[in-house]
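# Structural features, examined
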Amino acid sequence: MTFRNGLTSLLRPEDSVLVLIDHQPFQLANLNSHEPLMVINNSAGLAKAARAFKVPTILTSVLAAQGGVIFPQITDVFPDQEVIDRTLINTWEDPKVVDLVKATGRKQLIIAGLWTETCVAMPAIQAAGEGWDVTVVTDASGGVSVEAHEVAIQRMIGAGVTMMTWLAVASEWQRDWARTDSLEGMIDVMKQHTGGSGIAFMWEQQLLNTPVPQP
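As recorded in an unreviewed UniProt entry, the chain goes by Hydrolase and comes from Stutzerimonas marianensis.

Put into C-alpha cells, the structure is as follows:
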C-alpha cells in the first residue's frame, strides 16, 4: 500500500479542478445519508470556495429533463457556465466532461455529487485508476442510505481515492491566512456556509468595531 503524505499530497488551488455531479431534485428526493439541507449548503459552499480560489469547476447533470436541473444554489455561483447533461451514469465515461477536465492541465481532481455509491464512486474509481489524484468531498455528496454512502467511501478508499469534507478542502486551498488574494472570498464563504463559525466571526467583527463604554 502506498501512503499519501507529505506537503505535496495536500490540495493546491492552482493544481485543482472540481467536478460537481448530479446535484438534482430527483437524487435529493431519496437522499438518506445526510440531512438534505446540509448537502445543499455544503455543495454551495464548495462551489463558492472554488470560485474564490479560481479553481476550474465543471457542472454536470444526468437526464435533467426527467431528474430536474442542478440546484440554483450551485448554478447561481457560475451563472454563465453550461451544465453538461449526460445519459451515462459514470461521468468519467462522458468524453465531453473528461475533455474539459483534461483541458485544464490539472491533475488534482475533486469530485462531489449525488449519489455517492453510483455517480460519485464510478468516476472516482475510474479516474484514480487512470492516474489522477482524486479527492471526494463526502459532505457535499450523499447516498440513498447511510450504509450506501459509507460502503462507497470504503470502496473508493480501497481504490486509492482521498476523502475530505468541503471546509477541509477550502482550508487546504487557503493554507495560509497571509494569502490575501483569496482571503476576502474565503471569509465570505465562511460567513455564509459554516454555521456557528461564520456567525462567531461576524460577532467578533462586531465586537472589534464596538466602542468600549467609558466610565
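This part takes up the environment of Val62. By the element assignment, Val62 lies in strand β2 (residues 57–62). Considered as a pair, Val62 and Met156 are 94 residues apart in the sequence and their alpha carbons are 21 Å apart. Beyond its immediate stretch of four places on either side in the chain, Val62 contacts Asp22, Gln24, Gln27, Asp85, Arg86, Thr87 and Leu88.

Another point: the packing of helix α6 (residues 116–129) against helix α7 (residues 146–158). A pair of packed helices is captured by two measures, namely the crossing angle of their axes and the spacing between those axes. Contact pair α6 / α7: the axes reach a minimum separation of 9 Å and the direction vectors enclose 10 degrees. By the angle class used here, α6 and α7 are roughly parallel. Packed against α6, whose contacting residues are Thr116, Glu117, Val120, Ala121, Ala124 and Ile125, the element α7 presents Ala148, His149, Ala152, Arg155 and Met156 at the interface. Looking at the contact of α6 with α7, its residues break down into seven nonpolar, two polar and two charged.

Right, let's get into the nonpolar core. Most often, soluble globular proteins keep nonpolar side chains buried together rather than apart. In this structure, Leu20, Leu46, Val137, Val169 and Trp173 are the most contacted members of the largest nonpolar core, which totals 34 residues. Of all the secondary-structure elements, those providing two or more residues to this core are β1 (16–21), α2 (36–52), β4 (108–113), α8 (166–174) and α9 (180–193). Considering every element that reaches this core, the biggest residue donor is α2, with seven residues. The residues contacting Val137, other than those within four sequence positions of it, are Leu46, Ile110, Ile111, Ala112, Met164, Thr165, Trp166 and Val169. Among the nonpolar cores identified, the runner-up in size contains 23 residues, and Trp92, Ala128, Val134 and Val136 belong to it.

Let us look at the sheet that holds strand β3 (residues 84–86). The parallel open sheet is built from six strands, whose spatial order is β3-β2-β1-β4-β5-β6. Where the open sheet ends on each side, the last strands, each with one partner, are β3 and β6 (162–164). On average, each strand axis in the sheet is inclined to that of its neighbour by 25 degrees, with strand direction left out of account. Pairing of β4 with strand β5 (residues 133–137), which is carried by four bridges, proceeds in the parallel orientation. Bridge pairing in β5 links Leu109 to Val134. In the packing of α6 onto the sheet, the strands contacted are β1, β4 and β5, and the crossing angle to β4 comes to about 170 degrees. Strand contacts of α8: β1, β4, β5 and β6, with the helix running at about 100 degrees to β6, the strand carrying the most contacts.

Now for the pattern of salt bridges. On inspection of all chains with the given rule, the structure shows three salt bridges. We note a salt bridge from Glu82 to Lys96, for which the minimum N-O separation is 2.9 Å. You can see Glu82 sitting in the loop between α4 (72–75) and β3 and its partner Lys96 sitting in helix α5 (residues 95–103), a full 14 residues away along the chain.

So, how was this worked out
Residues numbered from 1 in each chain as written. Predicted model: local features only at pLDDT ≥ 70, side-chain atom pairs only at ≥ 80, totals over all residues. Heavy atoms only, no water. Helix = DSSP H or I, 4+ residues; strand = E, 2+ residues; numbered from the N terminus. Contact = heavy atoms within 4.5 Å. Axes fitted to C-alpha atoms, helices over the stretch in contact; angles between N-to-C directions. Parallel < 35°, antiparallel > 145°, perpendicular 65-115°, else oblique. Nonpolar A, V, L, I, M, F, W, Y, C, P; charged D, E, K, R; others polar. Core = buried A, V, L, I, M, F, W, Y, C linked by side-chain atoms within 4.5 Å. Buried < 20%, exposed > 50% of the residue type's maximum accessible area, 1.4 Å probe, protein only. Pairing = 2+ DSSP bridges. Salt bridge = Lys/Arg side-chain N within 4 Å of Asp/Glu carboxyl O.

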